[in-house]
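Observations on the model geometry
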Amino acid sequence: MPISRLVPGRYPSPNTSPIADKIRERRGARGLTPLDGTLLHVPPVAEGWNSLLGAVRTKGKLSADIRELMILRVAAINHAAFEWIHHEHVARDAGLTTEQLYVIRDTSFLPSPGNAILSPLQSAALAFAHHSTSTVKVPPEVTLSLADALRSSIASGSNDTESLAQDLLVESAAVVASYNMVSRFLVSLDVAAMSDCPPPWPATKSTFKVPLSVDPANGVLEDGHFLYAETHVTDPDAPWIVCANSLLTTTDMWEWALEKMLAPRPHGAKGTFNVLLHDQRGHGKSSFPSNTKPDGLQCTIPILASDIAYLISTLILPSSSSVRSTIDSEPKVHAVIGVSQGGAAALAFTAMYPLLTKSVVSCDTGPRTPEGNKAAWTERIELVKANGGGEDGMRKLAAITVPRWFPAPSRCSTEMYLPALQTQIVTTSLDGFIVGASALQDYDLLAGTGMNRCLLDVTGPADPKVLLIAGSLDGGGKVSSGMGKLRDAWNAKRIPAGGGSVKLEVIEGAGHLPMVDETEKWWDVVSKWLAGI
C-alpha cells in the first residue's frame, strides 16, 4: 500500500519497540498498517491511540453491526477512504448487506425510521452518527430516538434496562467521536496516499475462473485454461457495464474508475450499474499459454471479442448464474467499454454480437493494425527476451511503455499511479505478452477479418450505439485524429441507414488510458453519454 505523501511513517522491527509490538499484537497477522506507521512518529500518542481504539472496537457492548454502521457513516461523510476500506469487510462480517451499505455510503439523505432496508435501531444509529459528524451538535430528538431504540433492543428480563441503555448511548457517542478523530487524522496526513480518494461505493464482489475457449464461437474449450473474471454487483437487477483491458494490464487498471462506475448514476439517470471485469488471455490471473502445443494459445481481436461474449453468456445471462436476479427480468448489458487492445475488441464485439449490449465505448484504439506496428511489437518482444525474458525483461518494457502511454503533461507522468501500472506490466509473463501482442500485430476490423461482418456494416437501428474516446496526448494527437477518421467513415454509412451517429470525445490532458490519468473527466463524458442510452 502506498505511504503518505506528507510523512514516511515509522515501522520499528519486531522486539525493538514495546509500543509497536503492542500494536502488532492487536493487529494480528495484518501487522503494522500505514495508520500505525504514521502514529509511530509520536510513540506515546500511538500507544494511547492503540488503547483507546482497542477498547472502542473490542470491549464495548454495542452490537457489531451498529458499531460498524456508525464508523462507516463517519468515513463516508469525512471522505476517509482508508477508514471505509478497512471497515467495510468488518461490517459485512457483522451481517450488513450490500443494500444496507449503499444506504450508509449515500450521505445525501437519511432513510426514514420505517424504511425497509435498515432496522429501527440501525436507522436511529445512522442518524445519530450523521448529525454528530456533520454538525457536531445532535438534535435532541435524534439522540432520544437512538436511546429509545437501544432500550428496545435490550433483551426482556434484563435486571437494569435503563442503566444498560444509558451505557450503550455513551458507547455510541464514543464510537462516533473516536472514528471522527481517526478519519480526520487519516485525511489530514494523507495516510496511505488516499486523501484524494473518495470512499468506494459498496458492491458484492465475486470472482470466477471461467473455462477458456479456444474457439469461443463453437464452444471448443482449451483443456485446463480459464479466464479470470470478477463481478461487482450493486443490485442484481441493475444494468451491466462490461470492461476490456489494454494489453499488459489486469483488472486492476480499472481501480480508479470502478468506484465511479459503481456509484449512483449522475446526469439525471436513476439507479446504479453492476460491473464485469476480466483478465484477458495470458494476463493477470487468467491462465497462461499452453506449453504442450507448438503454437501456444491463440489470440486475435475477434477471439478477444468472443471471450467478452462468452463471459456475458456465462456470468450474466443464464438463469443459473450466481449474479443473476432472482426475478424473471433478464439483466442487460448497458455498455461494453474497452481501451487500447480492449477498445479494438469492443469494436469487434459491436459487429459480432450486436444483440448482447445496448452500447459500446471504445477508447484509444483503431480499427486496424497501423502501418509499422507489427515490427514495433516484434521489437518490444525481442527487448524482453534480450533482458532475460522474465521480470527484468518486462521491467525494461515497462520503462519505455508507461512514458509512452502517459507523456507529459499527463498526471501519470509524475504521480503515484506509475508504480501500480508498472507492476501490472512487470508481472505479465513473456508468453502472455506475446499472446496479447499477436492480436495487435495483424488485425483489420474494416475488412472484417475473422468476423461475420466488417465494422462499417454495423449501421442498423438495432445495432449498438457507439462512443469513441481518445486522450488528447495519446500518440501526440495521432490517435484522436485516427479515431476521428473512423467516426466520419462510419457515420457516412450509419446515419443514412438509421443507425444514429458515432460520437467522438477527446479527453484533454489524458494519455493512452484516460480512465486512469483523467478519471473524473473520462467518467463525466462516459456517464453523460450512457444516461442518454
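Residues numbered from 1 in each chain as written. Predicted model: local features only at pLDDT ≥ 70, side-chain atom pairs only at ≥ 80, totals over all residues. Heavy atoms only, no water.

Helices and strands together make up the secondary structure of the protein, namely 19 helices and 8 strands. In terms of C-alpha radius of gyration, the protein reaches 26 Å, essentially the compact-globule figure of 24 Å for 533 residues. For the protein, the proportion of its 533 residues judged to be buried stands at 55%. In the protein, 72% of the contacts between residues at least 6 apart in sequence involve partners at least 24 apart. Computing the positive centroid from 46 side-chain charges and the negative centroid from 53, the protein places the two 2 Å apart. (Helix = DSSP H or I, 4+ residues; strand = E, 2+ residues; numbered from the N terminus. Rg over C-alpha atoms; globule rule 2.2 N^0.38 Å. Buried < 20%, exposed > 50% of the residue type's maximum accessible area, 1.4 Å probe, protein only. Contact = heavy atoms within 4.5 Å. Lys, Arg positive; Asp, Glu negative; His and termini not counted. Charge placed at Lys NZ, Arg CZ, Asp CG, Glu CD.)

With that out of the way, let us pick up the nonpolar core. One finds W254, F433, M515 and W522 to be the most contacted residues of the largest nonpolar core, which totals 102 residues. With 9 residues, helix α11 (residues 301-315) is the largest single contributor of residues to this core. The contacts of M515, once residues within four sequence positions are left out, are M253, W254, W256, A257, V339, C363 and W522. A46, V74, I104 and V176 belong to the second largest nonpolar core, which has 54 residues in total. (Core = buried A, V, L, I, M, F, W, Y, C linked by side-chain atoms within 4.5 Å.)

A side chain with one charge can pair with a side chain of the opposite charge if their charged atoms come near. Scanning all chains against the criterion turns up 24 salt bridges. K22 is the partner of E47 in a salt bridge, and the nearest nitrogen-oxygen pair spans 3.6 Å. Taken together, the residues span a long stretch of sequence, with E47 in helix α3 (residues 43-58) and K22 in helix α1 (residues 18-27) at a distance of 25 residues. On the basis of relative accessibility, which here comes to 32%, the residue E47 falls in the partly exposed class. Looking at K22, the relative accessible area reads 46%, which means it is partly exposed. Note that R395 is salt-bridged to E391, the shortest N-O span being 3.7 Å. Pair noted here: R395 and E391 are both in helix α14 (residues 391-405), with a separation of 4 residues, about one helical turn. Residue R395 is classed as partly exposed on the basis of its relative accessible area of 42%. Judged by its relative accessible area of 45%, E391 is partly exposed. Salt bridges here are not isolated pairs; linked through shared partners, they connect R411, E518, E520 and K521. (Salt bridge = Lys/Arg side-chain N within 4 Å of Asp/Glu carboxyl O.)

Moving on, we come to the pairing of strand β4 (residues 274-278). The buried fraction of β4 amounts to 5 of the 5 residues, a majority that puts the element mostly inside the structure. Residues N274, L276 and H278 line one face of β4 and the alternating positions V275 and L277 line the opposite face, and both faces are buried. For the segment spanning strand β3 (residues 240-244), helix α10 (residues 255-262) and β4, crossover handedness is right-handed. (Right-handed = clockwise from strand over helix to strand, strands pointing away.)

So, about the environment of P14. Position of P14 among the secondary structure elements: in the segment before α1. Taking the C-alpha atoms as reference points, P14 and R24, separated by 10 residues in sequence, lie 8.6 Å from one another. In contact with P14, other than residues within four places in its own chain, are D21 and R24.

To continue, consider the side chain of D364. Mapping D364 onto the fold places it in the loop between β6 (359-363) and α13 (373-386). No salt bridge is formed by the buried D364. Its closest oppositely charged neighbour is R404, at 11 Å. Reaching out from D364, the side chain makes a polar contact with the backbone nitrogen of G471 at a distance of 2.9 Å. What D364 contacts, discounting residues up to four positions off in sequence, is V339, S340, I469, A470, G471, D474, V479, M483, G511, H512 and P514. (Polar contact = N/O pair within 3.5 Å; in protein donor to acceptor, adjacent residues only side chain to side chain.)

For the rest of this paragraph, the subject is the packing of α1 against α3. Contact geometry of α1 with α3 gives a least axis separation of 9 Å together with a crossing angle of 25°. On the basis of the axis angle, α1 is roughly parallel to α3. Read as a crossing pair, α1 and α3 show a hand that is left-handed. Where α1 approaches α3, its residues I19, K22, I23 and R26 are matched on the opposing element by P43, P44, A46, E47, N50, L53 and G54. Classifying every residue of the contact of α1 with α3 by side-chain character gives 6 nonpolar, 2 polar and 3 charged. (Axes fitted to C-alpha atoms, helices over the stretch in contact; angles between N-to-C directions. Parallel < 35°, antiparallel > 145°, perpendicular 65-115°, else oblique. Left-handed = near helix turned anticlockwise from the far one by under 90°. Nonpolar A, V, L, I, M, F, W, Y, C, P; charged D, E, K, R; others polar.)

Our next topic: α11. Given a rise of 1.5 Å per residue, 15 residues ought to cover 21 Å, and the 21 Å separating the end C-alpha atoms of α11 matches this to within 8%. If you check the start of α11, you find a side-chain oxygen 3.1 Å away from the backbone N of I303, and it comes from T300. (Expected span 1.5 Å × (residues − 1).)

Here we come to unusual backbone geometry. With the exception of glycine, most residues fall at negative phi, and the peptide bonds are largely trans. Looking along the chain, the bond that leaves A408 and enters P409 is cis, with omega of 10°. The topology assignment puts P409 in the loop between α14 and α15 (417-426). The phi dihedral of A193 is positive, around 55°, even though this residue is not glycine. Residue position: A193 is located in the loop between α9 (161-188) and β1 (204-215). Even without being a glycine, S340 presents a positive backbone phi close to 60°. Checked against the element boundaries, S340 lands in the loop between β5 (333-339) and α12 (341-352). For S340, a relative accessible area of 13% puts it in the buried group.

A separate point is the packing of aromatic side chains. The full count for this structure, using the stated rule, is 7 aromatic pairs. With a centroid separation of 6.0 Å and 40° between ring planes, the pair formed by W522 and W523 is classed as tilted. This pair shows no difference in class: W522 is buried, exactly as W523 is. Aromatic rings pair up to connect W254, W522 and W523 into one cluster. In this structure, R380 is placed above the aromatic ring of W377, and the distance from its NZ or CZ to the ring centre is 4.5 Å. Above the ring of W490, the side-chain terminus of R494 is found at 5.6 Å from the ring centroid. (Phe/Tyr/Trp six-rings, centres within 6.5 Å; stacked < 30°, edge-to-face > 60°. Lys NZ or Arg CZ within 6 Å of the ring centre and 35° of its normal.)

Before going further, it helps to spend a moment on the confidence of the model for the protein. For the protein, the average pLDDT comes to 91, and 92% of its residues sit at 70 or higher. Per-residue pLDDT stays below 50 along residues 291-295; that stretch engages in 2 contacts with residues further than four places along the chain or on separate chains. (pLDDT = per-residue confidence, 0-100.)

What follows concerns the packing of α10 against helix α19 (residues 519-531). The N-to-C vectors of α10 and α19 enclose an angle of 40°; their axes lie 10 Å apart at closest approach. It follows that α10 is oblique to α19 by the angle criterion. Judged by the twist between their axes, the crossing of α10 over α19 is right-handed. Within the contact between the two elements, α10 uses W256, A257, K260 and M261 and α19 uses T519, E520, W522 and W523. Each residue belonging to the contact of α10 with α19 can be placed in one class, and the counts come to 5 nonpolar, 1 polar and 2 charged.

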